[in-house]
Amino acid sequence: MFDFKKHIADNISADIDKEMLYSSIVNTADDNMGDYSLPCFKFAAQLRKSPVAIAQQLAENYLTDEYIGEVKAVNGYLNFFVNRSAMLTDTVYGVLEQGENYGNSNEGNGKTICIDYSSVNIAKSLHIGHLGTTAIGGSLYKLFAALGYKVIGINHLGDYGTQFGKMIVAYKLWGNDEVIAKEGVRALQDLYVRFHREEEEHPELTEQARHWFARIEKGDPEAVKLFEYFKKITLDDVRQVYDRLNVTFDSWNGESFYNDKMDKPLKFLEDKGLVTVSDGAKVVDLSDYGMPPCLLVKSDGSSLYATRDIAAAFYRKEHYNFDKCLYVVAYQQNLHFRQIFKVLELAGLDWAKDLVHVAYGMVSLEEGSMSTRKGNTVFLKDVLDRAVSKSLDIICTKNPDLPDKEKVAEQVGVGAVIFSALENARIKDITFTFDRVLNFDGETAPYLQYTHARCNSLLKKAGMSYLTRIARNYSGLDDVETLRLVKLLRNFPVIVSDSAYKYEPSILSKYLIDLAQAFNRFYIGHRVLGEDLSVQNARLSLVECVQLVLRKGLALLGIEAPEQM
Ligand code: ARG
């Protein structure tokens, strides 16, 4: 697309570095004040003139052309008014030419980014607490891929620990394969809950569990077989939810994968003189940094969550040579990540600076909105099912003749749930209510999907593909609604890169809401179909751009856009 800022910088005749000029030009906030603006304050010292005088003189010397129609000096600012039909033409051609690739770039080419997200625990189901990490991690995955990065999605499975000894005991005592086949991981979770209940009255169970855990560790065939069975049941179950949420993983190496990979990193830390022994345990003292010690090896010789995370960081650096490694994990684990990042930094590893804890807040359900089963777990699958069935009800009332209602309801319901985790700055705690996230007129995914479908139906009514329809003449469209839309469309690539580099998909969510609202104002204010042909085609081309960007933006959030709603 044509770079108006560069064009302006090139055409300003002043004794100022071009790069400096270029980076100083901003988009104006108020369309009445022009489209781009150069604040002249910071040049005053160098040019020995007042900002007002600088702006005045630059305005007088600036030659307008087919791109910049007018220049005005106002209170030390130099304001540029672009030729709107040139900007419109450039936008439409730029967006439609790039099509599905609009917003992509190759700035990440040759770079790798690891994203540790969702990271479930074996024998436990995905619950509402996993929504944040799964939606945010899934979106960051797509955003970085769009910027040309090689992305490695990692599900750091919680597949190690004494609880699996307990699972085996519970399974042997009360397990029923038929029930497990039918109910999947929920049945396993029930067994675990039952173990804890019975353990209180039968303390010998604890000893048996310890025994079975030791057998898993030794690689005893029966113990390993049972563990693998639990793992398969869990993964079969969570994969179904992942498919619905449109997320994928490139590695499922979990905690147990690092069982035989901890010695080297431990020795490395010891050689650096970081490890001290305290009450028989190996720790790294972090009191100088206001943190409790990082526990690496317990006095009985067993490793910890932190030990396995340190081993995982070494492994990932060695194996993927990442430029960044993100951990999309709830803020409850802030201390854990601060500790292990600090340990690696103290060990002199320069890549410790590339580890990032992408923390997020808690998602909770509105009181009473869903009856929870025992153990108070709200399963993510149930939340999705509920949202989908409510969507189906809404669709049946709003548009009973819609073909493929079930499929659309799935896209709308699931999309609404995903969006609820991505609409606010990720660190905020949120309370989820079905009515709010499914409100077709609110700031929601269904509103975005609905706007997308509206664009689609306009295009369909008009017929023709954009190649034949694409307008050549945009001169009649100089109203404010169109201008807003055009500026938003031009900004999409910046939004994609900002959302990625700030690890904040909510930037994209908010942008899409702005775009949809701007479109609906445009749509209410102007006739798209039935105007004279040249205006109709110009507006239709714009509609097509909006449709494309909404669709692409939603896809980057992991949300599908039905053609009709
Ligand atoms: N399974 C862990 C949990 O449920 C999350 C793991 C996050 N990733 C990591 N590398 N520690 O809390």
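So, how was this worked out
- Residues numbered from 1 in each chain as written.
- Predicted model: local features only at pLDDT ≥ 70, side-chain atom pairs only at ≥ 80, totals over all residues.
- Heavy atoms only, no water.
- Helix = DSSP H or I, 4+ residues; strand = E, 2+ residues; numbered from the N terminus.
- Contact = heavy atoms within 4.5 Å.
- Areas by Shrake-Rupley, 256 points an atom, 1.4 Å probe, with all protein chains shown as cover.
- Lys, Arg positive; Asp, Glu negative; His and termini not counted.
- Charge placed at Lys NZ, Arg CZ, Asp CG, Glu CD.
- Buried < 20%, exposed > 50% of the residue type's maximum accessible area, 1.4 Å probe, protein only.
- Pairing = 2+ DSSP bridges.
- Near = heavy atom within 4 Å.
- Polar contact = N/O pair within 3.5 Å; in protein donor to acceptor, adjacent residues only side chain to side chain.
- Nonpolar A, V, L, I, M, F, W, Y, C, P; charged D, E, K, R; others polar.
- Axes fitted to C-alpha atoms, helices over the stretch in contact; angles between N-to-C directions.
- Left-handed = near helix turned anticlockwise from the far one by under 90°.
- Phe/Tyr/Trp six-rings, centres within 6.5 Å; stacked < 30°, edge-to-face > 60°.
- Lys NZ or Arg CZ within 6 Å of the ring centre and 35° of its normal.
- Expected span 1.5 Å × (residues − 1).
- Core = buried A, V, L, I, M, F, W, Y, C linked by side-chain atoms within 4.5 Å.
- Salt bridge = Lys/Arg side-chain N within 4 Å of Asp/Glu carboxyl O.

J.: Mind showing me how you'd approach the overall build of the protein chain here?
T.: Across its full length, the protein chain carries 22 helices and 13 strands. Taken along the three principal axes of its C-alpha coordinates, the protein chain extends 90 × 65 × 40 Å. The long-range fraction of contacts in the protein chain, counting pairs at least 24 apart against all pairs at least 6 apart in sequence, stands at 73%. Accessible surface, the protein chain: about 25600 Å² in total, of which carbon and sulfur atoms supply 50%. Positive and negative charge centroids in the protein chain, built from 65 and 76 side chains respectively, lie 1 Å apart.

J.: How should the pairing of strand β4 (residues 77–82) be read in this particular structure?
T.: A regular strand carries its side chains on alternate faces of the sheet. Counting buried positions over the 6 residues of β4 gives 5, a clear majority of the element. Bridge count between strand β2 (residues 36–39) and β4: 4 bridges; the pairing is antiparallel. Among the inter-strand pairings, Leu-38 is bridged to a residue of β4, identified as Leu-78. The antiparallel pairing of strand β3 (residues 68–74) with β4 creates a hairpin that spans 2 residues between the two strands, and Asn-75 there sits at a positive phi of about 50 degrees.

J.: Explanation requested: the site of the ligand in the structure shown.
T.: Near the ligand, the surroundings consist of Asp-116, Ser-119, Asn-121, His-156, Tyr-305, Asp-309, Tyr-327, Val-329, Gln-333 and Phe-337. Within the side chain of Asp-116, an N or O atom sits 2.7 Å from a nitrogen atom of the ligand. One nitrogen or oxygen atom from the side chain of Asn-121 is found 2.9 Å from a nitrogen atom belonging to the ligand. Computed on the free molecule, the ligand has an accessible area of 350 Å², of which 83% lies beneath the protein chains in the complex. Elements that contribute at least two residues to the shell around the ligand include exactly α13 (305–320) and β10 (324–330). For the shell around the ligand, the per-class residue count stands at 4 nonpolar, 4 polar and 2 charged.

J.: Looking at this structure, I do not really get the packing of helix α18 (residues 445–462) against helix α22 (residues 533–557). What am I missing?
T.: Relative orientation of the contacting elements α18 and α22 amounts to 145 degrees, with a least axis distance of 9 Å. Crossing of α18 over α22 shows left-handed handedness. Across the interface between the two elements, Leu-448, Gln-449, Thr-451, His-452, Cys-455, Asn-456, Leu-458, Leu-459 and Ala-462 from α18 touch Leu-540, Val-543, Glu-544, Val-546, Gln-547, Leu-550, Arg-551 and Leu-554 from α22.

J.: Quick question: what am I supposed to make of the packing of aromatic side chains here?
T.: The way to describe two aromatic rings as a pair is by their centre distance and the angle between their planes. Going through the model one piece at a time under the given rule, you end up with 34 aromatic pairs. Each ring, one from Phe-268 and one from Phe-314, has its centre 5.6 Å from the other, and the planes form 70 degrees; the classification is edge-to-face. Note that Phe-268 is positioned in helix α12 (residues 263–271) and Phe-314 in helix α13, a separation of 46 residues in sequence. Taking relative accessible area as the criterion, Phe-268 reaches 28% and is therefore assigned partly exposed. Among the aromatic residues, those joined into a cluster by ring pairs are Phe-2, Phe-4, Tyr-36 and Tyr-67. Across from the ring centre of Phe-379, 4.3 Å away, lies the NZ or CZ of Arg-186, which sits over that ring.

J.: Even after reading the chapter, I still don't get unusual backbone geometry, so can you show me in this structure?
T.: A negative phi holds for most residues other than glycine; trans holds for most peptide bonds. For Ser-118, which is not glycine, the phi torsion reads 70 degrees and is therefore positive. Looking at where Ser-118 falls in the secondary structure, it is placed in the loop between β5 (112–116) and α6 (131–146).

J.: Quick question: what am I supposed to make of α22 here?
T.: Each α-helix turn comprises 3.6 residues. Residues three or four places apart therefore point the same way. Taking 1.5 Å of rise per residue, the 25 residues of α22 would be expected to cover 36 Å, and the 36 Å separating its terminal C-alpha atoms lies within 8% of that figure. The buried fraction of α22 amounts to 21 of the 25 residues, a majority that puts the element mostly inside the structure. One side-chain oxygen at the N-terminal end of α22 lies 3.0 Å from the backbone nitrogen of Ser-534; it belongs to Asp-532.

J.: Is there a simple way to explain the sheet that holds strand β1 (residues 26–27) in this structure?
T.: Through backbone hydrogen bonds, the strands of a sheet pair up, either in parallel or in antiparallel fashion. Spatially, the 4 strands line up as an open sheet ordered β1-β2-β4-β3, and their pairing is antiparallel. Two strands close off the open sheet at either side, each with one partner strand: β1 and β3.

J.: How should the pairing of strand β7 (residues 275–278) be read in this particular structure?
T.: Relative to strand β8 (residues 281–284), β7 is paired through 4 bridges, and the arrangement is antiparallel. Each residue of the ladder has a partner; that of Val-277, found in β8, is Lys-282. The hairpin formed by β7 and β8 contains 2 residues between the paired strands, and Asp-279 there has a positive phi angle of roughly 50 degrees.

J.: Looking at this model, I keep getting lost on the side chain of Gln-449. Mind explaining?
T.: Along the chain, the position of Gln-449 falls in helix α18. Its relative accessible area of 0% is what places Gln-449 among the buried residues. Once residues within four sequence positions are removed from consideration, Gln-449 is found in contact with Gln-411, Val-412, Leu-554, Ile-559, Glu-560, Pro-562 and Met-565.

J.: Whenever I open this one, the nonpolar core confuses me. Can you help?
T.: Within soluble globular proteins, side chains that are nonpolar tend to cluster in buried spots. Membership of the largest hydrophobic core comes to 157 residues, with the highest contact counts inside it found for Leu-38, Phe-80, Leu-140 and Phe-144. The element contributing the most residues to this core is α22, with 13 residues. Residues Cys-114, Ile-154, Val-343 and Leu-344 belong to the second largest nonpolar core, which totals 32 residues.

J.: Honestly, the pattern of salt bridges in this entry has me stumped. Any pointers?
T.: Where charged atoms from two side chains of opposite charge approach closely, those side chains can pair. Under the definition given, this model contains 28 salt bridges. Here Glu-207 makes a salt bridge to Arg-210, at a shortest N to O gap of 2.9 Å. Residue Glu-207 and its partner Arg-210 are both found in helix α10 (residues 204–218); the two are separated by 3 residues, about one turn of the helix. One salt bridge in this structure joins Lys-381 and Asp-385, with 2.9 Å as the shortest N-O distance. Linking Lys-381 with Asp-385, this pair stays in helix α15 (residues 380–398), spanning 4 residues, or about one helical turn. Several salt bridges share partner residues, and in doing so they unite Asp-31, Asp-35, Arg-84, Arg-484 and Lys-487 into one network.

J.: It is not clear to me how the sheet that holds strand β9 (residues 294–297) should be interpreted in this structure. Could you clarify?
T.: Across the sheet, which stays open at both edges, the 3 strands sit in the order β7-β8-β9 with antiparallel pairing between neighbours. Each edge of the open sheet carries a strand with a single partner, namely β7 and β9. Here the strands of the sheet are splayed against their neighbours by 40 degrees on average, with no regard to which way each runs. Seen against the sheet, α12 touches β7, β8 and β9 and runs at an angle of roughly 125 degrees to β9.

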